[in-house]
Amino acid sequence: MADAATDVKKLTFEHAIEELESIVKRLEDGKVPLEESVAIYERGEALKRRCEELLRTAEARVDKITTDSSGAVTGTTPLDVE
C-alpha cells in the first residue's frame, strides 16, 4: 500500500485501485484498531473518488466507431458518457 501521505490526486488508476483493494481487505479482516479503521476508510473514499474521476476521463476520450448500413466503418464520434 502507498504511504498514507501520498497525494491521492497524483496516483494512477492502477495504483489507486490497488491501494483501495488493500484497504478493503484490511477492513474486512476486522483486525484494524478503530482509529486506524476510520483513517483508512477516509483514504479509501478519496481513492474511490480518484478512480471514478479517472474512469470518467478515460470514457470521455473513447471514440465510438460509426458504420453505414452495410457495416462499413464511416468514422468515429465522441462517446456519449451521459
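Structure: above.
Definitions and limits used
- Residues numbered from 1 in each chain as written.
- Predicted model: local features only at pLDDT ≥ 70, side-chain atom pairs only at ≥ 80, totals over all residues.
- Heavy atoms only, no water.
- Helix = DSSP H or I, 4+ residues; strand = E, 2+ residues; numbered from the N terminus.
- Buried < 20%, exposed > 50% of the residue type's maximum accessible area, 1.4 Å probe, protein only.
- Areas by Shrake-Rupley, 256 points an atom, 1.4 Å probe, with all protein chains shown as cover.
- Expected span 1.5 Å × (residues − 1).
- Arc of directions from axis to C-beta.

Peer 1: Mind showing me how you'd approach the overall build of the chain here?
Peer 2: For the chain, the helix and strand inventory stands at two helices and two strands. Each helix and strand of the chain, placed in order from N terminus to C terminus, yields the pattern α-α-β-β. Taking all 82 residues of the chain together, the buried fraction comes to 17%. Surface exposure of the chain reaches about 6400 Å², of which carbon and sulfur atoms provide 54%.

Peer 1: Would you take a moment to explain helix α1 (residues 13-29) for this structure?
Peer 2: Residues that lie three or four places apart on an α-helix share one face, since the helix turns once every 3.6 residues. In this model α1 runs 24 Å from its N-terminal to its C-terminal C-alpha over 17 residues, within 8% of the 24 Å that 1.5 Å per residue would give. Every buried residue belonging to α1 is among A16, E19, L20 and I23, and all of these are buried. Looking straight down α1, one finds its buried side chains confined to an arc of 105°; they lie on one side. Facing away from the buried surface of α1 by more than 90 degrees, the exposed residues are E14, E18, E21, K25 and E28. One or two residues past the end of α1 sits G30, with phi positive at roughly 70°.

Without other data, these values stay purely geometric and don't point to any function.
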